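Residue-level structure breakdown
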Amino acid sequence: MTDKSKAASLSRSSFLQGRWNKHQTLLRPPWAVDEAVFMEHCANQCDACRDACPEKIIVIGRGHYPHIDFSQGECTFCQQCVDSCQYGALDYQQGSTPWNYKAAISQEQCITQKSVVCRSCSENCDAEAILFHPQLGGVSSPDLKQELCTGCGACVQVCPTKAVSILTLIDPDQG
């Protein structure tokens, strides 16, 4: 197999699980340490963070490691997952941000592009990061203010067309 065909191949398990992008990053629970350290410290696979999450958005995935599933609800940043972690995989520091996740809206998938009035994402955004500005003679489209977004995921589950997702911000220092 050539290097080119290796890059294009998709594992059977990824195919069956619907994971087309092999490089998709799993969203870890709030205040997760660096991924390599997280994997090392979370090796005990205790499920404590999942069990402690009152919103039930922490799920156990492949390899028995926890990740966030915003289709279940939103993160309230209650810190119960951190308090339950006895192995140092989640580490809350006073004043630290819980993660570098932010909402993203696919304008092409948003039903406002089909002249359907919908403000579900905005109505569920406590941070007021998603706004709809009045538009004369048409339907307003969502305007996402990244600087206000906490990445809580409240906008994800309520979107009728799955146009909203939560993504990991890429650190500009990493290239």
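Note that the structure is a prediction, hence the values are computed from the model and not measured.

The rules behind each value
- Throughout this description, residue numbers start from 1 for each chain and increase along the sequence as written.
- Given that the model is predicted, a residue must reach a pLDDT of at least 70 before its local features are reported, and side-chain atom pairs must reach 80 or more before they are shown or counted; all residues, however, enter totals for whole chains, interfaces and linings.
- Side-chain numbers come from the whole structure's heavy atoms, not from hydrogens or water.
- The helix count covers DSSP runs of H or I at least four residues long, the strand count covers runs of E at least two residues long, and both are numbered beginning at the N terminus.
- The cut-offs for exposure are 20% and 50% of the maximum accessible area for each residue type, with area from a 1.4 Å probe on protein chains only; residues under the lower value are buried, those over the upper are exposed, and the others partly exposed.
- Residue contacts follow a heavy-atom distance rule, with two residues in contact if any of their heavy atoms lie within 4.5 Å.
- Residue-level accessible areas treat just the shown protein chains as cover; the underlying method is Shrake-Rupley with a 1.4 Å probe.
- Only Phe, Tyr and Trp rings are paired, with Trp represented by its six-membered ring, and only when their centres lie within 6.5 Å; those with planes under 30 degrees apart are stacked, over 60 edge-to-face, the remainder tilted.
- Any pair of nitrogen or oxygen atoms within 3.5 Å is treated as a polar contact; in protein, a donor-acceptor pairing is required on top of that, and neighbouring residues in sequence qualify only through side-chain atoms on both sides.
- The criterion is simple. A nonpolar core is a set of buried Ala, Val, Leu, Ile, Met, Phe, Trp, Tyr and Cys residues joined through side-chain atoms within 4.5 Å.
- How sure the predictor is of each residue is captured by pLDDT, a score from 0 to 100.
- The term salt bridge refers to a pairing of a side-chain nitrogen on Lys or Arg with a carboxyl oxygen on Asp or Glu at a separation within 4 Å.

1. Some words on the overall build of the chain
- Broken down by element type, the chain carries 7 helices and 6 strands.
- For the chain, the succession of helices and strands along the chain, N to C, is α-α-α-α-β-β-α-β-α-β-β-α-β.
- Considering the chain as a whole, with its 175 residues, one finds that 33% of them fall into the buried category.
- Residue pairs in contact within the chain that sit at least 24 positions apart in sequence constitute 60% of those at least 6 positions apart.
- By element, 51% of the accessible surface of the chain is carried by carbon and sulfur atoms, the whole surface being about 10,900 Å².

2. A word on the packing of aromatic side chains
- One pass over the full model with this rule turns up 5 aromatic pairs.
- Measuring from ring centre to ring centre gives 6.4 Å for W31 and F77, while their planes differ by 80°; the resulting arrangement is edge-to-face. One end of the pair, W31, is in the loop between α2 (12–16) and α3 (35–41); the other, F77, is in the loop between β2 (66–68) and α5 (80–84), and 46 residues separate them in sequence.
- Judged by relative accessible area, which is 21%, F77 ranks as partly exposed.
- For the ring pair F70 and W99, a centre distance of 6.0 Å and an interplane angle of 80° mean the geometry is edge-to-face. Taken together, the residues F70 in the loop between β2 and α5 and W99 in the loop between α5 and β3 (101–105) connect sequence positions 29 residues apart.
- Chaining the aromatic ring pairs together yields one cluster made of W31, F70, F77, Y92, W99 and Y101.

3. Regarding the side chain of R28
- Of note, R28 is situated in the loop between α2 and α3.
- Owing to a relative accessible area of 7%, R28 belongs among the buried residues under this scheme.
- Among the polar contacts listed, one links the side chain of R28 to the backbone oxygen of P66, at a separation of 2.7 Å.
- Beyond its immediate sequence surroundings of up to four residues, R28 is in contact with E35, F38, M39, Y65, P66, H67, I68, W99 and Y101.

4. Some thoughts on the nonpolar core
- If you look at the biggest cluster of nonpolar residues, it comprises 35 residues, and the most contacted ones within it are F70 and V164.
- Of all the elements in the fold, those that place two or more residues in this core are α5, β3, β4 (130–132), α7 (154–158) and β6 (164–168).
- Here this core takes 3 residues from β3, the largest share from any one element.
- Residues in contact with F70, not counting those within four places in the same chain, are L27, I57, C75, W99, G151, C152, G153, V156, Q157 and I166.

5. Description of the side chain of H67
- Within the secondary structure, H67 sits in strand β2.
- For H67, the residues in contact, after removing those within four places along its chain, are L26, L27, R28, P29, I57, I58, V59 and G61.

6. Examining the confidence of the model for the chain
- Within the chain, residue pLDDT values average 85, and 82% of them lie at 70 or more.
- Segment residues 19–23: pLDDT under 50, and 10 contacts once partners within four positions in sequence are set aside and those in other chains are kept.

7. Observations concerning the pattern of salt bridges
- In the structure shown here, the tally under the stated rule is 4 salt bridges.
- Look at the salt bridges and you will find they share partners, linking D47, R50 and D51 into a network.

8. Some details on unusual backbone geometry
- Phi at D47 is positive, roughly 70°, even though this residue is not glycine.
- Turning to its location among the elements, D47 is positioned in the loop between α3 and α4 (48–52).
- Overall, D47 belongs to the buried group, its relative accessible area being 16%.
- For F77, which is not glycine, the phi torsion reads 55° and is therefore positive.

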